[in-house]
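# Per-entry structural report
Each chain, written out:
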Amino acid sequence: MSSVRPLRVPGITYGGDYNPEQWPEEVWAEDMRLMREAGVTMVNLGIFAWALLEPSEGVYDFARMDRILDLLQANGIAADLATPTAAPPAWFFRAHPEALPVDKDGRSLWYGSRQTFCPSSPAYRRAALSIARMLGERYAEHPAVAMWHIHNEYGCHNAACYCDTSASAFRHWLRDRYGDDLAALNHAWGTTFWSQWYYDWEEILPPRATGAPPNPTHQLDWRRFCSDELLSLCTAERDVLRQAAPHIPATTNFMVMRTFDALDYWRWAPELDIVSNDHYLMSDDPESDVDVALSADLMRSLAGGPWLLMEHSTGAVNWQPVNRAKHPGEMRRNALANVARGADGISFFQWRAAIAGAEQWHSAMLPHAGTDSPIWQDVVQLGADLKALAEVRGSTVAARVAIVWDWDARWALELPSQPSGELRFQDLVRDWYTPLWRAGIAVDFVRPDADLDRYRLVLAPSLYLVNDAGAANLEAFAERGGTLAVGFHSGAVDENCHIRPGGYPAAFRDILGVRADELFPLLPSQTLQLTGQVRTGATATQWSERIKLAGAEAVAYFADGPLAGGPAVTRHAPGSGIAWYLATRPDPVTLAALMDRICEEADVQPVLVDAPSGLEVVRRTGTDADYLFLIDHAGAGAKVVADGIELLTGHAVHGAVTVPAGGVAVVRESHSRGFLDDV
Ligand code: GAL
Ligand code: ZN
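Residues numbered from 1 in each chain as written. Chains lettered and ligands numbered in written order. Predicted model: local features only at pLDDT ≥ 70, side-chain atom pairs only at ≥ 80, totals over all residues. Heavy atoms only, no water.

### Considerations on the pairing of strand 3 (residues 78–82)
- Where burial is concerned, most of strand 3 is hidden: 5 out of the 5 residues are buried.
- Going residue by residue along strand 3, you find Ala78, Asp80 and Ala82 tucked away on one face and Ala79 and Leu81 tucked away on the opposite face as well.
- Here strand 2 (residues 42–45) runs beside strand 3; their pairing, made up of 4 bridges, is parallel. Within the sheet, the bridge partner assigned to Met42 lies in strand 3 and is Ala78.
- Alignment of strand 3 against strand 4 (residues 145–149), held across 4 bridges, turns out to be parallel. Paired with Ala79 across the strands is Val145, a residue of strand 4. (Buried < 20%, exposed > 50% of the residue type's maximum accessible area, 1.4 Å probe, protein only. Helix = DSSP H or I, 4+ residues; strand = E, 2+ residues; numbered from the N terminus. Pairing = 2+ DSSP bridges.)

### Notes on the pattern of salt bridges
- Taken as a whole, this structure holds 43 salt bridges when the rule is applied.
- Across the salt bridge formed by Arg67 and Glu25, the nearest N and O atoms sit 2.4 Å from each other. Separated by 42 residues along the polypeptide, Arg67 in helix 3 (residues 63–74) and Glu25 in helix 1 (residues 25–38) bring together distant segments of the chain.
- One salt bridge in this structure joins Arg597 and Glu601, with 3.3 Å as the shortest N-O distance. Remark: Glu601 and Arg597 occur in helix 17 (residues 588–601); sequence separation between them is 4 residues, near one turn of the helix.
- A residue is classified by how much of its surface remains accessible, and Arg597, at 26% relative accessible area, is partly exposed.
- Given a relative accessible area of 36%, Glu601 falls into the partly exposed group. (Salt bridge = Lys/Arg side-chain N within 4 Å of Asp/Glu carboxyl O.)

### Concerning the site of ligand 1
- In the region of ligand 1, the neighbouring residues are Phe48, Arg114, Asn152, Glu153, Asp278, Tyr280, Glu311, Trp319, Phe349, Glu359 and His362.
- At 2.8 Å, a side-chain N or O of Trp319 approaches an oxygen atom of ligand 1.
- The class makeup of the residues in the shell around ligand 1 is 4 nonpolar, 2 polar and 5 charged. (Near = heavy atom within 4 Å. Polar contact = N/O pair within 3.5 Å; in protein donor to acceptor, adjacent residues only side chain to side chain. Nonpolar A, V, L, I, M, F, W, Y, C, P; charged D, E, K, R; others polar.)

### Things to note about the coordination of the zinc ion (ligand 2)
- Each protein donor to the zinc ion (ligand 2) is listed here as Cys118 (SG), Cys161 (SG), Cys163 (SG) and Ser166 (OG); together their distances run 2.2 to 2.3 Å.
- One can describe the donor arrangement at the zinc ion (ligand 2) as tetrahedral, given that its 4 donor atoms subtend angles of 95 to 116° at the metal.
- Each donor residue of the zinc ion (ligand 2) belongs to the same chain, with the gaps between them written as C-x42-C-x1-C-x2-S. Here Cys118, found in the loop between helix 4 (90–95) and helix 5 (122–139), pairs with Cys163, found in the loop between strand 4 and helix 6 (164–177); they are 45 residues apart in sequence, far enough to count as distant.
- Among the residues examined, Cys118 registers a relative accessible area of 0% and is labelled buried. (Donors = N, O, S within 2.8 Å, 3.2 Å for Na, K, Ca; no water. Tetrahedral: all angles 85-135°; square planar, octahedral: opposite > 155°, others 65-115°.)

Put into structure tokens, the structure is as follows:
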């Protein structure tokens, strides 16, 4: 987190979204008492309070907010004070109906929920900036205000608006991108295809619903535009707040989830003082612990160090088809897994379970049942845990492995008209991440053009689109001695979604020492057998391609299907490094064995050799000490070699620490290992 505007709330911050405006004031006193009991140190305040703060345009009522901020201050609780701009009031839309968004099919949406506004609307921007300015100026010096919470989850419900105002904003963005050169746009989009050539900027529209598939580059630029358009709202609010209160750090809550991909957070993260994330479990995900870890590692990578978990849940959410409750101990493991991976704050949606409104069935720190409930006991316990972990703040995770994560590549892969419509970027990445998680190997996420010097192993599970600089960067990494592994259908297109001709996986052909002349994607029902240096019974799904070796050796082959006898996994030794290609999607056991071999050859070590299975092992490394996090997901408990102090119990550890069944241990290690094990 940036040191220019540090968060002044000490330790690991603890709290939740707090909506006192939904409750009579008598309840506030009880809130304060219970927050103190739970060890809450910071709450996210006023996120959806616009209608009460500004009852009509330009008329403000801050009395309630004044009282609640004073009350928080009196109770030693800090406020992460929100600009309420995710939910404009009804009066705003009656005055500015043109600010309502229009969907792809041309349907105009109505107010009556939240985040239903056009991101390009000048009226919305004006209204949002004026309430942000009012809050900034009024509360800049309020001692309770520790951070600004800009908006809420940009793009969660309105990532794209297809109205005429948005069309015009899109054209501006395109003129900027293409240096006002329409021919350059036509070439980039390949508009000689299907008679799509544009003669006038005004002819260009958002990719509204069409009868046949729309132009891929048009859609890709649209995704880039939509991300940038929301970012410009965020930075505009940030600037207003910075002007009013230059000392207060600002964040906005990201959301890294399989189901949300609207924003290119590599472009967002550097604009914020503090990076924060919201993460929710999917009820039908049998391995949600992996998802928690992946999103946390991605956040730490975006932040370049510690970050805050802004929202997760104590129990069930209310927006999935069936919303499962958490198992005993699961909430604590979720929260502490985030801390293990760099979170310096843990917060929930929400403090007190709502009685009315669309989220009345969402869990909270204080459930409908009240304090006589396991959830409340767990919330109090977690507060004590985080207090005991205060000193880990500021430490980070040192990884030798990087996974390439790129939103352009994700968007392009998931456009229509692909060889297979079955490929999902986050699933492909998670495939490769999972065995590393299980093995307890620390992982960072990087952009394709990142500085890779500190890594021994770089994985690109899915990099369909890559620009020349990114491809050259990965290639150079392998040539100068690194180990690179690339997943199928990577390197296929450039930044304009143009095929890189000459055979697949085009941009990586040379470094991988292979050339494929035709792709053979598999039907959802199809499974191929693999043979070679893989376990008996190894299988693969989703993808295959006809490969000729051009310097690489084949490690595994397809054993059946039209490509029987052809390479499925290859290994090449270019320059002084190693480059692997996985031309299919191996079953999890086979993939884990391959990852094992790849890591071993790359001299990548797990945090703990021979850790019991089901034990999540992460080390946070600080300037004064290292912290070993041990989280038992298997429910069997574990005994692990360690020396130091177990912080959650305060007990000294001599030789071995016991992790209770389903529990967590965090050891401040006696011997600091330094930032990296070998430097
Ligand atoms: C988040 C949102 C919160 C709340 C929560 C419910 O997406 O930011 O306001 O709606 O989901 O899970
Ligand atoms: Zn619009």
